Amino acid sequence: LREGETGLRALQPSSMINRRRRPAEKAPSIIIASSDDGFPSKPLVALLESKRATRGAAGAGGGRQRRRTADAYYYHREIILGFIFACLLWGGVFLAGSLLSSPSAEVGEEEEEEEEVTGGNRILYEDVRHHFDCASRSKDDEKPLPSAKDWELMRRKFTEVVDDTKRWDDDPVPPTLGYSLERGVPYPPPYYAEYSPGRGRGVFASRDIAEGELVHDGTRSDVIFPDASAWRRYVFSLPRDMACDSTDWHWMQRLEEGGKYFMLAGMNISSLMNSGGREFGPGRSPNAMPESSTSGRFYATRDIAEGDEILTDYDAYYTNWKEVGL
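Residues numbered from 1 in each chain as written. Predicted model: local features only at pLDDT ≥ 70, side-chain atom pairs only at ≥ 80, totals over all residues. Heavy atoms only, no water.

An α-helical segment advances 3.6 residues per turn. Residues three or four places apart therefore align on the same side. With seven of its 10 residues buried, helix α10 (residues 240-249) lies for the most part within the structure. Along α10, the positions that sit buried rather than exposed are Met242, Ala243, Cys244, Asp245, Ser246, Thr247 and Trp249. In the core, the buried residues of α10 are packed alongside α5 (125-131), α6 (134-139), α7 (148-161), β2 (200-205), α9 (228-236) and β5 (251-254). (Buried < 20%, exposed > 50% of the residue type's maximum accessible area, 1.4 Å probe, protein only. Helix = DSSP H or I, 4+ residues; strand = E, 2+ residues; numbered from the N terminus. Contact = heavy atoms within 4.5 Å.)

Written as structure tokens, this is what we have:
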């Protein structure tokens, strides 16, 4: 029994005492007894020194425990950071390997340029038409004839965005009249630009043309777009009306049998030549056709009188825009 526990509490079993919540025990008060010389008695000094030593040992043990906890924290942190770094490194290596082995890494320079221009989505021929709302432009039969400044702008844009080696000043015939049909002879082809009844703009014979005579030579005047990207860059560099006219005037063609298809254009009034056929009514049949599907030289299929409209057949050249990436 502790000193002071008397009465019923002293008689209760220890198990019952343990079930009760004991109040926090206060540290016993220490009465400092002095010796005759005014200093604490020797037993008390020994007791105080013993307590200080006990507290010092407890403090030293706590410091070691805190150091061990900090060491464990930094150790585990380094392990976690190392694991994260290893995952990032492995992921980067895997991604680089996937890109190098994917088909997109093997695309040619043409496809890379297309994705750069279009943001990863290729713009097709009909997309260009829709973007510029070209349907209304194509149906307008009152469009003015292209001026000298219009042709100059189209030529300049071709040089800027397609072929910076192309020269236009080597032909003295202005685009409003066509081009020099024969090299070194500054004489235009036998037609001029005018309005076509019910067809809008067209070209008409400036003199009588005999059957079999050369009417138009695209090898002297046509320009070639090396790929679909170049054609898109050119069209998007133009004002809306010119861009729409380009989609109407330009065509695709092989330059040799079994060869690659290219987009071609005439940067002069030859682009205004309309297509004829039975569907256009009597007297609207073609009278000037290319000598083959790979040729740009057009010959009169019958006699053409002065003032008659020069008509060809657009179906003479195969058209499937997918063949040129459009």
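On the basis of which strands lie adjacent, the open sheet formed by three strands has the order β4-β6-β5 and antiparallel pairing. Since the sheet does not close on itself, it has two edges, and those belong to β4 (222-225) and β5, each with one partner. Each neighbouring strand pair of the sheet contributes to a mean axis angle of 45°, computed without reference to strand direction. Bridge count between β4 and strand β6 (residues 261-266): four bridges; the pairing is antiparallel. Residue Asp222 lies in a different strand from β6, and its bridge partner there is Gly266. (Pairing = 2+ DSSP bridges. Axes fitted to C-alpha atoms, helices over the stretch in contact; angles between N-to-C directions.)

Burial of β6 is extensive: six of the six residues sit out of reach of the surface. As paired strands, β5 and β6 are joined by four bridges and run antiparallel to one another. Within β6, the position partnered with Arg254 by the bridge is Tyr261. In textbook terms, the turn of a hairpin is the stretch between consecutive antiparallel strands, and for β5 and β6 this stretch comprises six residues, one of which, Gly258, has a positive phi near 75°.

On to the pairing of strand β1 (residues 191-196), then. In this structure, β1 lies alongside β2, joined through six bridges in antiparallel fashion. Paired with Tyr192 across the strands is Phe204, a residue of β2. Here β1 folds back onto β2, and the loop between the two strands holds three residues, one of which, Gly198, carries a positive phi near 75°.

In this section: the pattern of salt bridges. Under the counting rule described, the total for this entry stands at 10 salt bridges. We note a salt bridge from Arg207 to Glu213, for which the minimum N-O separation is 2.6 Å. A relative accessible area of 32% places Arg207 in the partly exposed class. Residue classification places Glu213 among the partly exposed residues on the basis of a relative accessible area of 24%. With a closest N to O distance of 2.9 Å, Arg240 and Asp241 form a salt bridge. A single salt-bridge network, built from bridges that share partners, covers Arg137, Arg201, Arg240, Asp241 and Asp245. (Salt bridge = Lys/Arg side-chain N within 4 Å of Asp/Glu carboxyl O.)

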